[in-house]
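Chain and residue survey
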Amino acid sequence: MQKYITTPIYYINGAPHIGHAFTTILGDVLKKFEQMRGNEVYFTTGTDEHGQKNQSSCQNSGLPLDEFLKMRSDNFRNLFDKMDIDYDYFVRTSSPEHKAVVTEALNYIWNKGLIKKKSYEGLYCEGCEQFKKPSDLDERGFCPDHQKAPQLLTEENYFFPLEQHRQWLIDYINTHPDWIKPRRFAKEVLGMLAEPLDDLCISRPKSRVWLGVELPFDKDYVTYIWFDALMNYISSLGWKPEGAADIRFNEFWPHCHHLLAKDILKTHAVYWPIMLKALGIEPPEHLIVHGYWLGEGGIKMSKSLGNVVDPYEVMDLMGVEPLRFYLCNAMSLTGDSQISIDLLKQGYKQLANNIGNLQMRVLKMIAKNLDGKVPSPAALSDKDKALLENLADTFARIYRYGELSLELVSELSAEILKAGDAVNAYFAANEPWVLAKDESQKERYEAVIYTTLDALRLIAAAVYPFMPQVSEKILASLGIAGKPSAADFKPQQLKAGTQTTVGAPLFPYIADKPAA
Ligand code: MSP
C-alpha cells in the first residue's frame, strides 16, 4: 500500500524551532511505522519562500535574493538532516519545478473561468498575509495572532470564489468523520463553514509583493502565498493538469496524510480541498492536526521571555532520539503541551530507568553467568509465556490496526514505557541474581533470563519508529542484525545459544549543566 505523508512547508523568515522540529519528527516517525508494516511511503517537507514576510526579511538582510533564500531554507534542511529525518523530497517553493506546477494550476483554473477580477477594499494583516473580516479581530481591532491593527487597503485583485463549494465541503466532512483527526478539529472547521465563505483573494500586486509566482494571465501580479504554498503537496508528486503516465502523483494521491498544527487548519481544511476540487483532484485522505508546544508557564515561546526550546541545544544535551520519543509521548491529544529543558530531562531519565536499565541489567547478568549466551526457553512457566504473549499481542495489534494519527504515536510510546516497567518489575520480582547462585534453580534462572531478553527484543522492535538507532543497538546486542518489522511481534523468537553483547549504555547519565 502507498502512503504519502507531508509536513507544512515552513516560512524562512525565522529560525526553525522545536515546533517545526516536532511536525517533521512526527512525519518521520509515521513513515518508519508504515515502513515496518511493509507500506511504501513518500514523505515530504520543505520551505515556503515567497510572500511579504519573507520579502521583508530578505530586504532587511541586504543579501542577494537567491543567496538569502538558499541560506534560510538550508537552516531548516540542516536541522532536519541533523535530526535524521528521512524525507524523500525537500520542496522549495522557489524551485522552477514547483513554480511550473503553480503556473499550470493557475492557468487551468483561469481557463475554466473560476477566477474573477474585482476591486476590493479591506483590512489587510501583513503577518497573516490575508484580508481580515472585522469579526476576525479582537476588541481593539487587532489581529489576535499578530497583535497589530491591519491596514486598510483598496486594490484590484483576482479572486477565487469559494461559496459555491461550501455545501459540498460540509457534506464531505459529515460523510467522512475521520477526514480531520482528531475530530474536534473537524467540528471547528464545520464552525468556519457555518457562514457564507468570502471569495479568496489569490493575487498580490507586484508593487507591494514581488516575491512570488507571477500570475500567468497578468504579469502585474504574483500569486497569493497560500495558493502557491498549498500546491507543494501536488508539485512534490510531479502533478500535471493533463496527467502523465510516469508521475508519482498517480501512485500516491489521494493516499495523503497532511500533518499540521491548528494554526493553519482553515487553509488546509477549507481552501485546499476547494482548490483541489477546481483542479479535478480528490481531497487528501486525512488531515492530522496537532496543538502547540508552549514554553514554560504554558505561554507562547519567545526569546524575550527566555522560554524558547532550541532543538540544537536539546540534541547537544541528549541526542535526537530521546527528543523524538519525548515529543511523541508528551504531546497532548486534547490541547496544547508545555515543553522545557527540564521536562525533556525528566523524559530522558524515564527512558534511562526504563529501557536503558532493563537492557543493562539483563545483559550484564548473562555476560557474567551464561557467557553472554541466550538460554533455552524450555522451562518457561505459564506466567512467563503470558508476559511475552501479552507484549507481542499489544504491539502486533498496534502495528496491524493503528491508523496514522497522534493517538497512534501516543499509544505506542505509552505501551513501550508500560512494557519496560512491567518487564523491569518482572525481573525484580523473580530475583534472577538469587536464582543464579542456586544450581537447583538453573532452569528457572534460564527461564527468567530468556523471558526478559525476549521481552527486550519486542520492546526494541516496537521503539524503532521513534528511536531507530536505539532499536538497532538493542537488537544488535541481542545478536539480531538489520531493521525490525511488524512481523517480529511474536513471542519466543529469540534463538537459544545466540551470543549477546553488553555494549555502551543507551542513555548515559547527563550531568545538570552548571547555572549560567
Ligand atoms: N508556510 C506556512 C505553511 C504552508 S503549508 C502549505 C506556515 N509556516 S510556519 O513556518 O509558520 O509553520 C507552521 C507550522 O509549524 C505549524 O502548522 C506546525 O506544524 C509547526 N509549528 C510551528 N510552531 C509550533 C508550535 N509552537 N507548536 C507546534 N507546532 C508548531 O504556516
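So, a few notes on the structure that sits alongside this text. Values in this document were obtained by computation on a predicted structure and should not be read as measured data.

1. Focus on the site of the ligand
- The environment of the ligand is formed by 22 residues, the closest being Ile9, Thr23, Asp48, Asp263 and Trp293.
- Within the side chain of Thr23, one N or O atom sits 2.7 Å away from an oxygen atom of the ligand.
- Asp48 places a polar side-chain atom, nitrogen or oxygen, 2.7 Å from a nitrogen atom of the ligand.
- Considering the ligand on its own, with 680 Å² of exposed area, one finds that the protein chains cover 91% of that surface.
- Taken together, the elements giving at least two residues each to the shell around the ligand come down to strand 1 (2-11), helix 1 (18-36), helix 7 (225-230) and helix 8 (232-235).
- Per-class residue counts for the shell around the ligand are 12 nonpolar, eight polar and two charged.

2. Observations regarding the nonpolar core
- Grouped together as the largest cluster of nonpolar side chains are 99 residues, with contacts concentrated most on Ile355, Ile416 and Phe466.
- Considering every element that reaches this core, the biggest residue donor is helix 17 (residues 442-462), with 13 residues.
- With near-sequence residues (within four places) excluded, Phe466 lies in contact with Val29, Glu321, Arg324, Phe325, Cys328, Val409, Leu412, Ser413 and Ile416.
- Leu215, Ile225, Cys256 and Trp272 belong to the second-largest nonpolar core, a separate cluster that totals 58 residues.

3. Regarding the side chain of Asn54
- Its location among the elements puts Asn54 in helix 2 (residues 51-61).
- Since its relative accessible area comes to 0%, Asn54 is described here as buried.
- A polar contact is formed between the side chain of Asn54 and the backbone oxygen of His50, at a distance of 2.8 Å.
- The residues touching Asn54, leaving out its near neighbours within four places in the chain, are Tyr11, Ile12, Asn13, Asp48, Glu49, Phe68 and Leu211.

4. A short note on the pairing of strand 1
- Across the 10 residues that make up strand 1, a large majority, eight, are buried.
- Across eight bridges, strand 1 lies against strand 2 (residues 40-48) in parallel orientation. Looking at the pairing, Ile9 lines up with Gly46 of strand 2.
- Taking the sense of rotation as the criterion, the β-α-β connection linking strand 1, helix 1 and strand 2 turns out right-handed.
- In this structure, strand 1 lies alongside strand 12 (residues 256-261), joined through three bridges in parallel fashion. What sits directly across from Ile5, in strand 12, is His257.

Rules used in this analysis
- Residues numbered from 1 in each chain as written.
- Predicted model: local features only at pLDDT ≥ 70, side-chain atom pairs only at ≥ 80, totals over all residues.
- Heavy atoms only, no water.
- Near = heavy atom within 4 Å.
- Polar contact = N/O pair within 3.5 Å; in protein donor to acceptor, adjacent residues only side chain to side chain.
- Areas by Shrake-Rupley, 256 points an atom, 1.4 Å probe, with all protein chains shown as cover.
- Helix = DSSP H or I, 4+ residues; strand = E, 2+ residues; numbered from the N terminus.
- Nonpolar A, V, L, I, M, F, W, Y, C, P; charged D, E, K, R; others polar.
- Core = buried A, V, L, I, M, F, W, Y, C linked by side-chain atoms within 4.5 Å.
- Buried < 20%, exposed > 50% of the residue type's maximum accessible area, 1.4 Å probe, protein only.
- Contact = heavy atoms within 4.5 Å.
- Pairing = 2+ DSSP bridges.
- Right-handed = clockwise from strand over helix to strand, strands pointing away.

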